[in-house]
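Each chain is listed here by its residues.
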Amino acid sequence: MSDPEHVSHKKNATPSLVKEALRLWRDASFRPLFMQGVVVLVVVMLGVWVINNTMNNLEHRGISTGFDFLSQEAGFGIIQSLVEYDESHSYGRTFVVGILNTLLVSGLGIFFATILGFLIGVARLSSNWLLARMASVFIETFRNIPLLLQIFFWYFAVLAALPHPRQSFALGESVFLNLRGLFLPKPIIEQGLLPVMVSCLVAIGLALFLRSINQKRRVETGKSISGAPWYMAALLAGIPVLTWHLSGASLVLDTPELKGFNFRGGISIIPELGALLLALTIYTSAFIAEVVRAGIESVQKGQKEAAASLGLKPGKVLTLVVIPQAMKVIIPPLTNQYLNLAKNSSLATAIGYPDLVSVFAGTTLNQTGQAVEVIAMTMAVYLTISLSVSLLMNIYNKRVALIER
Amino acid sequence: MISHDITMIPAREPPARAVGVMAWVRNNLFANPLSALATLLIAYSLYLFVPPLVQWAFMDATWFGESSSDCSSDGACWAFITARLDQFIYGFYPEEQQWRADLFFAQLAILIAWLSFKVTPGKKWVLGYSLILMPVVSWFLLYGDLLGLEKVETHQWGGLMLTLLLALCGMIASLPFGVLLALGRRSNMPVIRSLCTAYIELWRGVPLITVLFMASVMLPLFVPEEVVFDKLLRALIGIILFQAAYMAEVVRGGLQAIPKGQFEAFNSLGLSYWQGMIMIILPQAMRLVIPGVVNTFIALFKDTSLVLVIGLFDLLAIIQAGLNDPAWLGNSVEGYLFAGLVFWVFCFGMSKYSQRLEQQLHR
Amino acid sequence: MSDYLDEPRLQKPLKKDGQPEVTIQRESATEQASLIEISGLNKWYGQFHVLRDINLNVKKGEKIVICGPSGSGKSTLIRCINCLEEHQEGSIVVDGTRLTNDLKNIETIRREVGMVFQQFNLFPHLTILENCTLAPIWVRKQSRKEAEKVAMEYLERVRIPDQANKYPGQLSGGQQQRVAIARSLCMNPEVMLFDEPTSALDPEMIKEVLDVMIELAQEGMTMLCVTHEMGFARTVADRVIFMDEGQIIEQAPPEAFFSHPRSERTRKFLGQVLNH
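As the structure is a computational prediction, the values presented were derived from the model and not from experiment. (Residues numbered from 1 in each chain as written. Chains lettered and ligands numbered in written order. Predicted model: local features only at pLDDT ≥ 70, side-chain atom pairs only at ≥ 80, totals over all residues. Heavy atoms only, no water.)

Draft legend 1. Representation of the pattern of salt bridges in the model. Taken as a whole and assessed by the stated rule, the structure comprises 28 salt bridges over all chains. Among the ionic pairs, Arg23 of chain A bridges to Glu20 of chain A, the shortest N-O distance being 3.2 Å. One end of the pair is Arg23 of chain A and the other is Glu20 of chain A, both in helix 2 (residues 13-26) and three residues apart, which spans about a single turn. A relative accessible area of 38% means that Glu20 of chain A is categorised as partly exposed. With its nearest N and O atoms 4.0 Å apart, the salt bridge here joins Lys43 of chain C to Glu85 of chain C. (Salt bridge = Lys/Arg side-chain N within 4 Å of Asp/Glu carboxyl O. Helix = DSSP H or I, 4+ residues; strand = E, 2+ residues; numbered from the N terminus. Buried < 20%, exposed > 50% of the residue type's maximum accessible area, 1.4 Å probe, protein only.)

Draft legend 2. Quick peek at the sheet that holds strand 6 (residues 113-116) of chain C. Residue and element names in this part refer to chain C. Across the sheet, which stays open at both edges, the six strands sit in the order 6-7-8-3-9-10 with mixed pairing between neighbours. Edge positions in the sheet fall to strand 6 and strand 10 (247-252), since each of these pairs with one other strand and no more. For this sheet the average axis-to-axis angle between neighbouring strands, irrespective of direction, equals 20°. Direction of pairing for strand 3 (residues 63-67) relative to strand 8 (residues 222-226): parallel, over a ladder of four bridges. Paired with Lys63 across the strands is Met223, a residue of strand 8. (Pairing = 2+ DSSP bridges. Axes fitted to C-alpha atoms, helices over the stretch in contact; angles between N-to-C directions.)

Draft legend 3. Up close: the interface of chain B and chain A. Facing the 56 residues of chain B at the interface are 51 residues of chain A. Each partner contributes to the roughly 4600 Å² buried at the junction of chain B and chain A, and carbon and sulfur atoms together form 73% of this total. When residues of chain B are sorted by the area they lose upon contact with chain A, Leu221, Lys302 and Tyr336 of chain B head the list and together hold 14% of the total. Applying the counting criterion to the chain B and chain A interface returns 15 residue pairs in polar contact (both at pLDDT 80 or more). At the level of elements, helix 1 (20-28), helix 2 (33-59), helix 7 (190-204), helix 8 (208-217), helix 9 (219-222), helix 12 (273-303), helix 13 (315-323) and helix 14 (332-362) of chain B are the ones that each hand at least two residues to the side of chain B that touches chain A. Here the element with the most residues in the side of chain B that touches chain A is helix 14 of chain B; it accounts for 12 residues. Looking at the side of chain B that touches chain A residue by residue, the classes come out as 39 nonpolar, 12 polar and five charged. (Contact = heavy atoms within 4.5 Å. Buried area = accessible area lost by both parts, 1.4 Å probe. Polar contact = N/O pair within 3.5 Å; in protein donor to acceptor, adjacent residues only side chain to side chain. Nonpolar A, V, L, I, M, F, W, Y, C, P; charged D, E, K, R; others polar.)

Shown next, in the form of structure tokens:
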């Protein structure tokens, strides 16, 4: 072993460089900088390598990069579209159709899953043993089976067993259910119907307004308007009926009719949408039910006891004390479930519901071969939705944290 | 002062209406009119649905047969399952080599049993084997082309075997990445922190199906042309990239639960960052995150069914394929019920296990 | 013991030396209207007999301290009075209303009976003022202004009017418990029940809560108080009740209770509580 000082004496230049390097390495402010520099370098090199490879590969396959393909004619049909679409529209249009279909099924799914999830979550906590048991059987069954399997089950086993159009299940003369989907009458907005619909909205608005005024008056003065519920009922029934008679409107429904092999007219819900919606709703509601249960259970027993001992009625205990506290616990994981549902709606592609992944990352990608652009655009859509929702969630969490302490 | 001896009142049995079956029924099923109504409605619908279901699934069912025509028309046709059970378990794995898959299953069963019983010795080594060697050993056992084992191409793999393999390998391989990402996201070096955060949020923000599409069409573009991944490996890479982000969030939760004092303690003992992390923080954090890890594993296990969209034949895909066999048409309910049952048993078992762990942690 | 014993003893205008022996006799309370009449009360948790043949009358203005070892059923007893716990046998009559399963009845009684909990149980999502006005507005149907005026008066009496717009999480334990007392008082109850109001408090905060309770007692509020604060019992109680194994072992005015406990159990219990 040689003495370091001895060495440094002999060979002066190198050891001082080593020493300098060692000093820098031990420097608490330099080392992190250095390490971060190394990481950035590695990431950049990896990126360059990947981009290089991709460029080479694409060139060899004769695929040109860029987003020009979006304006080319798509040339394929889509079975459900919320905007005008046919084969002559562009690939860019298929992108929009896909996004809208994804949003449609996500929106409907969130709506139904929330209702079902809250009902089952509350049932899970019911004092009725049988009801609580059934709710927990529901939850444990549906959240432990893959969503894709559930989608297949509804699509291939249940909806495919529905009768042919000629033997449709019918509800009255206007609602039909068969192999091809669910057919509902569509109200046609004729002259006069519009005022009636507007008046319905006005009546509901007025009734809610009256209710809130009454509530406020109750809180401020201690007295409520006597007979307020009757006024509200009168408003709700009176205004629409009155406008109906005054405008002389008649309700015209475009009822679906059997023509050839299928029904035409009315609103039709294609079986792909039906199966996807059923599966998403049931699967997600099982998770939402658990979120709701955990939220309600997180409100301590003492809170309910304190509210009850002040003489509040059970309903008021729930609305004034339990729910406001439970909602704070419920909302963050609930939004998470909503995001999951939106992402899970991409399984649509397995049964051919024309969502974003199916139409764009499926058909469009296959036809154009623009894998990088198409996948990137698809991912960007989901990412935008996810990130904007989590941004809102962060703002919400900060506000809640601020109020509590 | 009155000398007053207190005679204690002896404990009595509660009044009959307060205990026993009748009291339980009254309190839990008929506590109020609404509750009574619910009880009656549920009981009635159970009475309507359960007996015919049992009749269909067991009494009238056909258990063995060669095709749909062997099945009775009013009962379940379980013959579809029994006739194809081999395929559902092994995929297209050659029959004379199936002992290798059996060995793989046996290995899993032994490891799980070993790790879940309290008394078995050498848990540390077994865990180490499961996390490091087991995926490699399993791969070579199934793939072969080594030590005189015949080579079995991955496109012949399928069924439950593939489902388990994807889930396990995806899980185990993503664990170390997840830990690194979690540490990175909590690091105080801004560049590393933002890179890790970006990675995690990116993968968590997109559906697995797009990741699988990406892995299957884009991954071959990312590497030089000479490198060829087979389909299974591509799917696995996609799953690992995706799963690592979720794992990172679980681990981060565990790290956050470690009191600040522990970090200060190892710093003041003069341990370096990595020494402290490996010897002090991670062992505590990992114990906390086991339930979370099991929960993400359940999610992954269910999600492996998505590989059917890129043409791999996992349990669900192979049943789906079997349903299209002309000899077995019209058995979709039986097929899905069987697949559902298998997935359910695994997932429910694991979720109960994770709940038990959680309760142990809180005690 | 709390440091309360060191304080100068407060004047106790209501204390009558000759009366105690009478109040012990359970059945003789009929000549003066009782606010709470409990007779033959029995309660079980499953097979466990928690309350055994409890008979207790509380007159208007009376202050009763209930003590006993933990698990003796004292909290359960006062929780039965406002029906937070169901009982299986016997009757409870509060201010002429008999407790039945009828929700209307239960609500009537809860309106007249205020309760203070060991864990305060303030509503964390509401401000102090909102905590106090919630019940007056929704149960007593008062206007917000009116309710707030009353609430501020009570908050001043418990000496925390300046915290009115804060949230419970921002207050100390002692302050929270005083708010909880004010919250109950805002309903203008006939009786106040205290379920170990100082047990969850740090020692230095016990006194501020006890002071408020003593003032309340001096104003003539009827009180039933489960507590281990024997100093408080000596100062304000008309009667001290000792419970063990779900039954009332003995009840006596504080002087008699502390100087001549009649049963061995009581002596033992007092020995444990007083000697440390």
